[in-house]
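What follows is each chain in one-letter form.
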Amino acid sequence: MSITSKDQKDGSSRPRRRLTREERLRQLLDVAWQLVSDEGTDALTLGRLAEQAGVTKPVVYDHFATRSGLLAALYKDFDLRQTSIMDAAIQASDPTLLGRATVVASSYIDCVLLQGREIPGVIAALASTPELEKIKREYEAVFLNKCQELFSPFAGGELKLASLHGMLGAAEALSAAAVCGEITAEQAKGELVEVITGMVARNARGRVPDQV
């Protein structure tokens, strides 16, 4: 009988355990993040991912179908991680405006820094097609709704949508500057706290008292 398997050549009869679908997805996402980190978002194709992950192309296509699907999955993976970190921090935070603002700012900046230079490339790629831009907007809306719930009580009513988008723009710009080393993480967090508390203060000042 000829010896064909690697395990047999190594003198081991132990069969290789097949990954579950969830484990395979996690592996592919981890390899995709590494590929983006090493070679940039432009290098991220389903074929290249299959090669780097050591699997066949049909395995990758079964999970993502298209490159757009892969990019969307990476953004979802990032968003879930960011949400998990933020939710845990909010639960343990001081229920004051400063406490909430500090948690949101720190969680947002830390999560982007944890992902390093990869996430800005993925976010930029998401804006390349209407389909991907729509996915990005949907996840942004979830974050803005969370901030609306957290900060509206301190403003005496619902925050303006324009103000929330301004806060998000500041968060993206500050985290990108921190990733590039233009500013420190602490500077980014401190400035974002100022943006959030300023947003709440402006909205609170704009409230007109009820007439009696």
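Above: the structure in question.
Residues numbered from 1 in each chain as written. Predicted model: local features only at pLDDT ≥ 70, side-chain atom pairs only at ≥ 80, totals over all residues. Heavy atoms only, no water.

Under the criterion given, the structure shown has 14 salt bridges. Close ionic contact of D77 with R26 constitutes a salt bridge, the shortest N to O distance being 2.8 Å. Of this pair, D77 sits in helix α5 (residues 67–91) while R26 sits in helix α2 (residues 21–39); the two residues are 51 residues apart in sequence, bridging distant segments of the chain. Note that R137 is salt-bridged to E140, the shortest N-O span being 2.9 Å. With a gap of three residues between them, R137 and E140 both fall in helix α8 (residues 130–155), about one helical turn apart. The class of E140 is buried, set by a relative accessible area of 5%. Within the structure, one salt-bridge network assembled from shared partners comprises E133, K136, R137, E140 and E172. (Salt bridge = Lys/Arg side-chain N within 4 Å of Asp/Glu carboxyl O. Helix = DSSP H or I, 4+ residues; strand = E, 2+ residues; numbered from the N terminus. Buried < 20%, exposed > 50% of the residue type's maximum accessible area, 1.4 Å probe, protein only.)

Quantified by volume, the largest pocket comes out at close to 200 Å³. Forming the boundary of the largest pocket are R18, L19, T20, R21, R24, V55, V59, D62 and H63. Those elements that place two or more of their residues in the lining of the largest pocket are α2 and α4 (57–64). The biggest single contributor to the lining of the largest pocket is α4, with three residues. Taken together, the residues that form the lining of the largest pocket break down as three nonpolar, two polar and four charged. (1 Å grid on protein atoms, 1.4 Å probe; cavity = no way out; pocket = protein on both sides within 12 Å on 5 of 7 lines; lining within 4 Å. Points joined across faces, edges and corners; volume = space filled by probe spheres on them. Nonpolar A, V, L, I, M, F, W, Y, C, P; charged D, E, K, R; others polar.)

Topologically, D110 is positioned in helix α6 (residues 97–115). In this structure D110 comes out as partly exposed when scored by relative accessible area, which is 35%. Sequence separation of D110 and A185 is 75 residues, and the distance between their C-alpha atoms is 7.8 Å.

The next point concerns empty space enclosed by the protein. Think of a ball as big as a water molecule: rolled over the atoms, this probe shows where empty space is left. Per the stated rule, a full pass over the model turns up two cavities of 30 Å³ or more. Size it by volume and the largest cavity reaches roughly 90 Å³. Of all the secondary structure elements, the ones that give two or more residues to the lining of the largest cavity are α5, α8 and α9 (161–180). Looking at side-chain class alone, the lining of the largest cavity contains seven nonpolar, one polar and three charged residues. One number sums up the size of the second largest cavity: a volume of about 50 Å³. Lining the second largest cavity we find D79, Q82, T83, M86, V142, F143 and K146. Every element with two or more residues in the lining of the second largest cavity is listed here: α5 and α8. With four residues, the single largest contributor to the lining of the second largest cavity is α5. Tallied by class, residues from the lining of the second largest cavity come to three nonpolar, two polar and two charged.

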